[in-house]
Amino acid sequence: MNIILLGPPGAGKGTQAQRLVERHGMRQLSTGDMLRAAVKAGTPVGLQAKAVMERGELVSDDIVSALIGEELDGMGAGVGAIFDGYPRTEAQAASLDGILAARGRSLDHVIELAVDEDALVERITGRYTCATCGKGYHDKFEQPKLPGVCDKCNGTEFKRRPDDNEETVRTRMAEYRAKTAPILPGYEARGIVARVNGMAEMDHVTAAIERIVAK
Ligand code: AMP
């Protein structure tokens with residue numbers, strides 16, 4: 001199975017992708033994570049992407065589509081893919097069709113996480129992750145049970161994304177509205193879009209997604 005999780009920054013794509021990975025052994029393909037890894041490693045792609053990401057703008061279509069193709073090539077044919085944060089433009093959506101077809105894959109579902117944009121700024125600016133295992137937390141909505149200690153791996157170091165500040169978040173949302181939302185009608189015409197209320201409690205969102213992927 002190959003699915004796209006679509007929604008503005010902070011809609012919960014990463015959290016829901018991780019849950020699908022745990023439940024179904026699928027693989028999360030997050031271009032944001034791949035780019036952050038490239039920035040950290042100082043690769044040529046990372047050097048090119050760093051400033052663009054800090055501004056909250058979009059990295060070039062060719063770079064992210066190449067990353068997705070490479071990642072898929074490293075996966076077993078029977079392993080399902082969850083696209084998280086990709087595609088983000090009409091050009092990327094067209095590339096993805098070609099990338100999948102070349103590997104004997106096709107899209108099963110595009111799951112849109114519908115959210116209220118005003119709530120997103122609070123969600124995003126409060127979020128942080130365990131530096132060791134990547135588990136996500138939030139200043140207001142989900143603190144570790146023992147303060148300063150990760151529930152999952154007992155790690156004690158946490159990190160925040162440099163682009164999770166209000167100004168950059170506003171740019172990222174504007175990019176979503178202008179460039180990413182327009183890819184939905186094309187998928188709707190193919191009858192593969194399912195909309196989920198991303199403002200519901202996380203477990204309810206997960207349950208709704210489970211019902212879609214069980215179809
Ligand atoms: P994300 O982790 O998905 O919020 O992505 C963080 C940042 O990485 C975005 O604000 C963009 O600068 C860049 N990025 C991630 N995925 C893409 C993509 N598919 N196309 C262009 N830029 C991307």
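First, a word on what this report is: a plain description of the structure on this page.

Each value, and the rule that gives it
Residues numbered from 1 in each chain as written. Predicted model: local features only at pLDDT ≥ 70, side-chain atom pairs only at ≥ 80, totals over all residues. Heavy atoms only, no water. Pairing = 2+ DSSP bridges. Helix = DSSP H or I, 4+ residues; strand = E, 2+ residues; numbered from the N terminus. Axes fitted to C-alpha atoms, helices over the stretch in contact; angles between N-to-C directions. Contact = heavy atoms within 4.5 Å. Core = buried A, V, L, I, M, F, W, Y, C linked by side-chain atoms within 4.5 Å. Buried < 20%, exposed > 50% of the residue type's maximum accessible area, 1.4 Å probe, protein only.

## Comments concerning the sheet that holds strand S1 (residues 2-6)
Across a sheet, paired strands are connected by hydrogen bonds in the backbone, their directions being either parallel or antiparallel. Overall, parallel pairing links the five strands, which are arranged S2-S3-S1-S4-S8 in an open sheet. What marks the edges here is a single partner per strand, and that holds for strand S2 (27-30) and strand S8 (193-197). Strand-to-strand twist in this sheet, taken as the mean axis angle between neighbours without regard to direction, amounts to 25 degrees. Contacts between helix H1 (residues 13-24) and the sheet are confined to S1, S2, strand S3 (81-84) and strand S4 (109-114), with S3 contributing the most and set at about 170 degrees to the helix. The sheet contacts of helix H9 (residues 202-213) involve S1, S4 and S8, and relative to S4 the element is tilted by about 160 degrees.

## Section: the nonpolar core
In this structure, Ile68, Leu72, Phe83, Leu96 and Tyr187 are the most contacted members of the largest nonpolar core, which totals 29 residues. For this core, the secondary-structure elements that each account for two or more residues are S1, helix H2 (31-41), helix H3 (44-55), helix H4 (61-73), S3, helix H5 (90-102) and helix H8 (184-189). Per-element tally for this core: the top contributor is H4, with five residues. Apart from residues no more than four positions distant in its own chain, Leu96 is found in contact with Ile4, Ile68, Phe83, Tyr86, Pro87, Leu107 and Tyr187.

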